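These are the residues of each chain, in order.
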Amino acid sequence: MISKVKHIHANTSIKRERVLPVAGHVLVRRMQKVSPADVIVVAPLVPQFILLDIAQGLNVNPARADELLQRAAGEDLVQGDVIAGPVGMFQRVVRAPQAGVVKMAGEGKVLFEISSPEYELQAGMEGTITNIIPERGAIIETKGSLIQGVWGNGKITYGVVQPTSNEMLQELVVEQLNIGFRGAIISAGFCRQPEVLEAAGIVPIKGLILGSMSSSLIPLARKMDYPIMVIDGFRETPMNKAAEAILIQNKDKNIALNAQELDTFKGNFPEGIISQSSTTEPDLPSEAETLKAGKKVIIINGPESPQIGKIDKIISGKQVLSNGIETRLAEITLANEKSTTIPLTNLEILKD
Amino acid sequence: MDTTTVAAKSVIAVDIGSTITRSLFFDVVSGKYRFVAFGSAPTTAGAPNFDVTEGIWRSLEELQYITGRALLSEKDGVIIPSTPDNQGVDIMVATMSAGEPISVVTVGLLNTVSLQNARHLAHTTYANIVAEISLNDHRTSSDRINLLIRKRPDLIIITGGTNNGASNSLLSILESIGLSSYMLDESQRPHILYTGNEQLQDEVKAGLSKISKLRIAANIQPVLGEENIHPAQTEINEVYKDIRKKQAGGLREVISWTEGTFTSTASAFGRVIRFLSEKYEPGKGVLGVDIGSDATIMAAAFNGEETLRVFPGLGVGSGSAGVLEKNSLELIKRWMPIELSDKEVRDYIYNKSIYPSSLPLDSDQVEIELALAKQAIRYAAELIIPGLPKQLGAGGTLLPYMEPIIGSGRILTLAPKRYQPLSVLLDGLQPSGVTTLALDQNGLLPGLGIVSETNPLLTVQVIESSTFLNLGTIIAPLGVARPGTTILRIQVNRENGRSFTREIKYGSLSILPVELGEKVSLHLRPLNRFDVGMGGPGKSGKVNAVGGVLGIVIDARGRPLQFSPDLEKNIKRNEQWRKTFSKYE
């Protein structure tokens, strides 16, 4: 059976596409080094239009209004510029309501695009631009540590990572959130109290990485101004040991935290990237691999989640679980040397 | 008709689901079409493959292994047509539900009339309505243009105006649609489906055909109060296919294998339910329910008239969080026969939505999934019932009389206990009168639906080959009484001449011991003006029935099912119902 690879890597190659959904102006060039705050591409993400009824404004019929037009499509205007007219005893005119561009004109109407501030898409991570996607953005590559999550509140940031303790076994509580964490991206085992998320916003922290979180906090977590990423799932369990090790080893280093919402179809996972200078050239990680003896796996469901273990054996044929479900199982030795059997469907592959 | 009289052809029907891709193999066995086997593999429409052919290939490899028949060649891909030495397959057809729902903006004159039609139409496919525009929304033309540009929908459905009715008001909205489409990149311009006043069709063509991918269908409401959805439903299915062809890698190759016989899973599902309604029990409707990982489909058909509704984001895998968000934890927990904390249930549901393929490890987790399935079906049923014919059966908020009701989806077919699929369908749908609950145990319905278009004989012969598992005949009397009051006397006459009688009390759930496949004649005598679908309240009658997996189930719990605000009481009652069923597991 083929399983998804959960991306928790101490040292890997990372390649990310940063693009806008609309055409814009790309500001970077190939092989340029970028930092997270560098702007990759700018574009009016949501252009605003006004449909001006020239005929009505001039109190003439549409054909006559077209004759009175002073501007053609493509012309840039400042606020107050005359678009059409004058006409009549009082020299009626229609003026540009704001600065903008005439997009279309005819049949007594003008479609006018208002100048609006351009959206700036930042790199969001350190790296090198390896490819330009014309008018849309670029591809950034880097080497370093990667921690993939399963839930994010849709926000993005960059800052210093600070674990709240040397072992992310414990619940994050309000008392831990001292002033020393101000401006940091903190990491902890799990969270179940709304007061903690609120207190973290007051410190204020820059971001929060949790092993797990109570699902009752989802609505509040979505409202928080800072990014929140959950690595393992919705429960009250310590962070998986692979992610914990990376976060502790990289204490006080910069992490690019993209707590984007999970979209497995598009392959968008929330993630944290810690760029590292490395002399090796690690391969890009595979996305899916076959479950077989010897593979390192993480348990994604059940009381043993999110423990990490190694597959000793895939049991041949379907087996019956205590609840009556028939499925394929693997025998696994956990990090604490205990053995267990887990359905293959409840495992993901973990690569070092 | 025997298949020896027609050119018999083997068929593979591929269904590209959101999680699993399945390849069903049909061939002629002893002169009749039969379902032979299926292969399955994870769907590869999304990340990281972004190519549906990978999943299809793997499912065919499994099918090849199971059947021992070579279906693939390294050089040519799928071997079509079959060779004289029985390699390959003659015909391949495909259905698809994988992919994000298409985003739709509905446009109509009035919120209560034409927008309602547009919503019905959008709900016949995998679509999310992201905005609505109507004359009474008080938006200016500029507001409409900006809204459409901000939403960038895949499809705009335009309805409004009866034939020979209003035209000027609709034209003003069309101007905004045309301008907004023109302002978008050509690659981002929406499909437009016009299904409004037919007098405006020429103007719509002149104004929009050069700017957008325009389709025109007959007016969805030609006269006030009369909905004619089917021509537009055909067109929206074509739009769905066009969008998927553009989005899903490898789909063009699949369409070439199938020579164009490709449609949405929901459309094929609806088609087979319609087909069944034309063939069987014209007095009642046929109902199909498919509960998938991400979406639920409900299709009802009465004498060939189909009502189809797709509920994206309402499922028991990736759609499980959607069930919770569209309902409430209380509505899900009310179905459970065990006490679990809100936290346990909520966390399980959200974990299931991020790990949809993971399996429940204990009986408690199975109960959460079954409760999710019941509430998903209940939610869907409550939304579809108002649009079903009311003259047949209970009407109102209750399901009209149906025969049969067919359920499909892995939550039902892989349920560990035999009573569980019946319990999910019975509680979720709450049918009344006499009906049969059946299970599409091999997930054939979409495949049979799409095949019925070109080879109806295959569909008929496979359906008649007992491919659906009879879960049980259901008798559900309608009426009101005090719990414990006798409301029905049933005499069961077996084929061997023996008979027995039962008195049914209001509030009870009971099972008559009839073996799977055993034919019996039932004499139903309702009391206290209860109605068992024999022509009205208090009317008796005879009905032939066949025992299902659970024999014959008498559901006298009342309609709709009532729940106590006391959680403990609910749990006890659910446990009692479960015990009734589990005697026959």
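Predicted model only: the values in this text are computed from it and were never measured.

A. Main features of the overall build of chain B. The helix and strand tally for chain B stands at 17 helices and 24 strands. Expected size for 585 residues packed as a compact globule is a radius of gyration near 25 Å; at 25 Å, chain B falls within 12% of this value. Dimensions along the principal axes, computed over C-alpha positions, put chain B at roughly 75 × 65 × 50 Å. By residue count, 55% of the 585 residues in chain B fall in the buried class.

B. Main features of the domain arrangement of chain B. Residues and elements named next belong to chain B. Domain annotation of chain B identifies domain 1 (3-96), domain 2 (102-246) and domain 3 (267-582). Taken over C-alpha atoms, the centre of domain 2 sits 36 Å from the centre of domain 3. The partner domain 3 presents six residues to the six residues of domain 2 that form the contact.

C. View of the interface of chain A and chain B. Contacts between chain A and chain B engage 38 residues on the former and 33 residues on the latter. Of all the elements in the fold, those that place two or more residues in the side of chain A that touches chain B are strand E6 (48-53) and strand E10 (100-106) of chain A. At four residues, the largest contribution of residues to the side of chain A that touches chain B is made by E6(A). Residues that form the side of chain A that touches chain B fall into these classes: 19 nonpolar, 15 polar and four charged.

D. Spotlight on the sheet that holds strand E3 (residues 25-26) of chain A. Residues and elements named next belong to chain A. The sheet built from three strands is open, its strands ordered E3-E5-E12 with antiparallel pairing. Either end of the sheet is taken by a strand with one partner, and the two such strands are E3 and strand E12 (119-122). As paired elements, E3 and strand E5 (residues 39-43) share two bridges and run antiparallel to each other. Paired with His25 across the strands is Val42, a residue of E5.

E. Examining unusual backbone geometry more closely. Looking along the chain, the bond that leaves A:Ser305 and enters A:Pro306 is cis, with omega of 0°. Within the secondary structure, A:Pro306 is located in the loop between strand E23 (296-299) and strand E24 (308-314). For the bond running from B:Ala47 to B:Pro48, omega is 0°, close enough to zero to count as cis. Summarising the element assignment, B:Pro48 is placed in the loop between strand E3 (32-42) and helix H1 (52-67). The phi torsion at A:Asn59 lies on the positive side, around 60°, for a residue other than glycine. Here A:Asn59 lies in the loop between helix H1 (54-58) and helix H2 (62-67). Its 12 C-beta neighbours within 10 Å are what place A:Asn59 among the exposed residues.

F. Representation of the domain arrangement of chain A. Residue and element names in this part refer to chain A. Splitting chain A by domain gives domain 1 (2-42 + 121-275), domain 2 (48-114) and domain 3 (291-350). Look at where the C-alpha atoms of domain 1 and domain 3 centre, and you get two points 28 Å apart. Counting residues at the interface gives eleven residues for domain 1, matched by eleven residues for domain 3. Mapped onto the side of domain 1 that touches domain 3, the elements with two or more residues apiece are strand E1 (2-6), strand E19 (228-233) and helix H5 (241-249).

Definitions and limits used
Residues numbered from 1 in each chain as written. Chains lettered and ligands numbered in written order. Predicted model: local features only at pLDDT ≥ 70, side-chain atom pairs only at ≥ 80, totals over all residues. Helix = DSSP H or I, 4+ residues; strand = E, 2+ residues; numbered from the N terminus. Rg over C-alpha atoms; globule rule 2.2 N^0.38 Å. Buried ≥ 20, exposed ≤ 12 C-beta atoms within 10 Å, placed from the backbone. Domains from an automatic or database assignment. Contact = placed C-beta atoms within 7 Å. Nonpolar A, V, L, I, M, F, W, Y, C, P; charged D, E, K, R; others polar. Pairing = 2+ DSSP bridges.

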